[in-house]
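Now for the letters of each chain:
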Amino acid sequence: MNRRAFVNLFLGGSILGTVVSFLYPVIRYLIPPGQAEAVVKRTLAAKIGELAPNSARFFRFGSTAAVLVNTADGQLRAFSAVCTHLTCTVNYESDTGTLFCPCHNGRFDLSGNVLSGPPPRPLEAYEVEISGDDIYVSKKA
Amino acid sequence: MSRWKEKTLAYLEPRFKISAIRDFASKKKVPEHKHSFWYFFGGICLFLFVIQVLTGILLLLYYTPSVDAAHESVQFIMSQVKFGWLIRSVHSWTANILIGVIFVHMFSAFFLKAYRPPRELTWITGFLLLLIFLAFGFSGYLLPWNELSFFATRVGTDIAGVIPLVGKAVKTFMLGGPEVSGATLTRFFWLHVAVLPAFALGIVGIHILLVQTLGMSKPIGIGETKEISFFPDFILKDALGWLIILAVVGAVCVFLPWETGPKANPYASTPLGIKPEWYFTFMFTTLKLVPAHIFTIEGEVLAVLGFLLGGLFLMLVPFLDRRAAREKKSPVFTAIGVAVALYIVIMTALTYLAPDIGK
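Residues numbered from 1 in each chain as written. Chains lettered and ligands numbered in written order. Predicted model: local features only at pLDDT ≥ 70, side-chain atom pairs only at ≥ 80, totals over all residues.

(A) Here's a closer look at the overall build of chain B. Along the backbone of chain B there are 14 helices and four strands. Against the compact-globule benchmark of 21 Å for 359 residues, chain B has a radius of gyration of 23 Å, which places it among compact chains. Judged by the C-alpha coordinates and their principal axes, chain B covers about 65 × 55 × 35 Å. For chain B, with 359 residues in total, the buried portion stands at 31%. A fraction of 77% describes how many contacts in chain B between residues 6 or more apart in sequence connect residues 24 or more apart. (Helix = DSSP H or I, 4+ residues; strand = E, 2+ residues; numbered from the N terminus. Rg over C-alpha atoms; globule rule 2.2 N^0.38 Å. Buried ≥ 20, exposed ≤ 12 C-beta atoms within 10 Å, placed from the backbone. Contact = placed C-beta atoms within 7 Å.)

Shown next, in the form of structure tokens:
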């Protein structure tokens, strides 16, 4: 390697190194830091008597939305309300007794299974327990 | 008056070489033929972009980019600030009209094969501007923090999330965390008022420089044509188009001021009848129709890959259409263009005419 090639390589490498050393902190700065979230496994969803048969209540479960359904025959069921297609929040349709996502017309039955539309997976089902007057919903073990 | 003008010009001339710019503008010619109507859409895009910048700067005076105050600040602009409703309506309406005009400009350039050498980079910068203005639309839509925009952002970022390999990183970067939250609003605001304008200004500059340097493309098969001077003839015709657009925007804003909508509640049901801005509806309806699984792959992944490949094809068309590059007609590419345009029009129409499709 002659002297000119060495100087070109040395200067070129230095410039590259400088650019990388400037870019690296900027790129790291742009990536959001992971924030530890409190993991919520159980939450109070409603009080006994608040939910008429064939109706639903939406509530906050951790950082996402969940739904508690009182079916027409009086059974309490709870699910994640986040559609498994593209994460819109589902609605409860009392006339069909199904959970419906209005974003892309996905439909789920009251076991969380997909009835129609594009959702690829069932809704995550939660456990429902009654303690006194309170209805608690918790993630399945 | 004329003495002042002469004195001012005499002062500016050695400093800015105004005569050179004037000479260039008057010597520059624009071909006139049966398709030259389509040339005006580029100028209309530029005009609407300038309106966007000016009204955007005005909106910044009262808008607050935080979850607690964004919606309230937009309501304040609409109801309390004098002519706030007008400034915001002009901003929102021109944004929508601008994207429509960009689509017209792009398809007219496509069908006239204006991407032929040496104008490949003019086409590519134009395509990048389409992407930038779609990003402007997507990021600006969230800023009022209303119900529709909240869920549209959820869906839009989730679509980005299904891109193989990089999707999750892109989604986290866009959201600023795992969910649509205050961090997302801050990021979208940052993109909308700082990053995208910087890129847009740079690429618009290159695009215009290329158009000025290379001149207007003449369609294949059109030989010698009449020419008009760029300044003042073409510019005056352009200005007439701008005035018409301005009148349309003014009328629409007065009769249909842009709505604010109810404030977003992340834990409530998605409102029925939700749909994104019109220019994303062809993708929205496609996602309704794609089955959950195609073979073993999730339908939405295939749909998103299809859109990405379609976009890549459009961007690279100057290098793919070899017949047009040799100044020969290329009916295959015209047919592909017609198919893409029809697909977009039909899917957009279905969104509004058959909202229950796939239900």
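Let's pick the thread back up.
(B) Here's a closer look at the overall build of chain A. Check the secondary structure of chain A and you find one helix and 10 strands. Expected size for 141 residues packed as a compact globule is a radius of gyration near 14 Å; at 26 Å, chain A overshoots this value by more than 25%. The principal-axis extent of the C-alpha atoms belonging to chain A is close to 90 × 35 × 20 Å. Each of the 141 residues in chain A was classed as buried or not, and the buried ones make up 29%. Once local pairs closer than 6 in sequence are excluded, the contacts in chain A between residues at least 24 apart make up 35%.

(C) Up close: the sheet that holds strand 6 (residues 98-101) of chain A. Residue and element names in this part refer to chain A. A sheet is described by the order of its strands in space; here four strands give the open sequence 5-6-7-8, paired in antiparallel fashion. Two strands bound the open sheet, and with one partner strand each, they are strand 5 (91-93) and strand 8 (114-116). For this sheet, the mean inter-axis angle between neighbouring strands, taken without regard to orientation, is 35 degrees. Examined bridge by bridge, strand 6 and strand 7 (residues 106-108) share three bridges and lie antiparallel to one another. Paired with Cys101 across the strands is Gly106, a residue of strand 7. (Pairing = 2+ DSSP bridges. Axes fitted to C-alpha atoms, helices over the stretch in contact; angles between N-to-C directions.)

(D) Local environment of the domain arrangement of chain A. Parsing chain A into structural domains produces domain 1 (1-35) and domain 2 (42-139). Its C-alpha centre places domain 1 of chain A at a distance of 52 Å from the equivalent point of domain 2 of chain A. (Domains from an automatic or database assignment.)

(E) Structural detail: helix 4 (residues 70-79) of chain B. Residue and element names in this part refer to chain B. Where helix 4 is concerned, the buried positions are Ala70, His71, Ser73, Val74 and Ile77. Down the axis of helix 4, the sector holding all buried residues measures 165 degrees, keeping them to one side. At its buried positions, helix 4 is contacted by helix 3 (40-59), helix 5 (84-111) and helix 9 (182-214). (Arc of directions from axis to C-beta.)

(F) Quick look at the interface of chain B and chain A. Between chain B and chain A, the residue contacts involve 32 residues of the former and 26 residues of the latter. Of all the elements in the fold, those that place two or more residues in the side of chain B that touches chain A are helix 7 (147-161), helix 8 (167-175), helix 11 (281-289) and helix 12 (299-320) of chain B. Residue contributions to the side of chain B that touches chain A peak at five residues, all from helix 7 of chain B.

(G) Representation of the packing of helix 5 of chain B against helix 14 (residues 331-353) of chain B in the model. Residue and element names in this part refer to chain B. Taken N-terminus to C-terminus, the directions of helix 5 and helix 14 make an angle of 160 degrees; their axes are 10 Å apart at the nearest point. With respect to helix 14, the axis of helix 5 lies roughly antiparallel. The way helix 5 lies across helix 14 gives a crossing that is left-handed. Two secondary-structure elements touch here, helix 5 through Phe107, Phe110 and Phe111 and helix 14 through Thr334, Gly337 and Ala341. (Parallel < 35°, antiparallel > 145°, perpendicular 65-115°, else oblique. Left-handed = near helix turned anticlockwise from the far one by under 90°.)

(H) Quick look at the packing of helix 3 of chain B against helix 10 (residues 230-255) of chain B. Residue and element names in this part refer to chain B. Running from N to C, helix 3 and helix 10 point in directions that differ by 55 degrees, and their axes come no closer than 9 Å. The orientation of helix 3 relative to helix 10 falls into the category oblique. Judged by the twist between their axes, the crossing of helix 3 over helix 10 is right-handed. Packed against helix 3, whose contacting residues are Phe40, Gly43, Ile44, Phe47 and Leu48, the element helix 10 presents Lys237, Asp238, Gly241, Trp242 and Ile245 at the interface. Looking at the contact of helix 3 with helix 10 residue by residue, the classes come out as six nonpolar, two polar and two charged. (Nonpolar A, V, L, I, M, F, W, Y, C, P; charged D, E, K, R; others polar.)

(I) Region of interest: the pairing of strand 3 (residues 64-70) of chain A. All names here are of chain A. Burial of strand 3 is extensive: six of the seven residues sit out of reach of the surface. Turn length for the strand 2 (residues 55-61)-strand 3 hairpin, with the two strands adjacent in sequence and antiparallel, is two residues, and the turn residue Gly62 shows positive phi of about 65 degrees. The pairing of strand 3 with strand 4 (residues 76-80) spans five bridges and is classified as antiparallel. Counterpart to Ala66 in the pairing with strand 4 is Ser80.

(J) Helix 3 of chain B, seen in detail. Residue and element names in this part refer to chain B. Here helix 3 contains 20 residues, and its C-alpha end-to-end distance of 29 Å stays within 8% of the 28 Å for a straight helix at 1.5 Å per residue. For helix 3, the full list of buried residues reads Gly42, Gly43, Ile44, Cys45, Phe47, Leu48, Phe49, Ile51, Gln52, Thr55 and Leu59. Where helix 3 is buried, its residues touch helix 4, helix 5, helix 9 and helix 10. (Expected span 1.5 Å × (residues − 1).)

(K) Structural view of the nonpolar core. Of all hydrophobic cores here, the largest spans 86 residues; its most connected members are Ala66(A), Val67(A), Leu68(A) and Leu98(B). The leading source of residues in this core is helix 5 of chain B, at 11 residues. Apart from the residues lying within four places of it in its own chain, the contact partners of Val67(A) are Ala56(A), Phe58(A), Ala78(A), Phe79(A), Ala81(A), Val90(A), Tyr92(A) and Leu99(A). (Core = buried A, V, L, I, M, F, W, Y, C linked by C-beta atoms within 7 Å.)

(L) Broad picture of the environment of Leu115(A). Residues and elements named next belong to chain A. For Leu115, the location among the structural elements is in strand 8. Taking the C-alpha atoms as reference points, Leu115 and Leu99, separated by 16 residues in sequence, lie 9.5 Å from one another. Every residue in contact with Leu115, bar those within four places of it in the chain, is listed here: Thr98, Arg107, Phe108 and Asp109.

(M) Molecular detail of the sheet that holds strand 10 (residues 134-139) of chain A. Residues and elements named next belong to chain A. With respect to topology, six strands assemble into an open sheet ordered 1-10-9-4-3-2, the strand pairing being antiparallel. Strands at the two margins of the open sheet, each flanked by one partner only, are strand 1 (42-47) and strand 2. The sheet shows a mean angle of 30 degrees between the axes of neighbouring strands, direction not considered. Relative to strand 9 (residues 125-131), strand 4 is paired through two bridges, and the arrangement is antiparallel. Looking at strand 9, one finds that Ala78 is bridged to Tyr126.

(N) Geometry of the pairing of strand 9 of chain A. All names here are of chain A. Sheet topology places strand 9 next to strand 10; six bridges connect them, and they run antiparallel. Within strand 10, the position partnered with Tyr126 by the bridge is Lys139. Connecting the antiparallel pair strand 9 and strand 10 is a turn made up of two residues, with Gly132 showing a positive phi of about 65 degrees.

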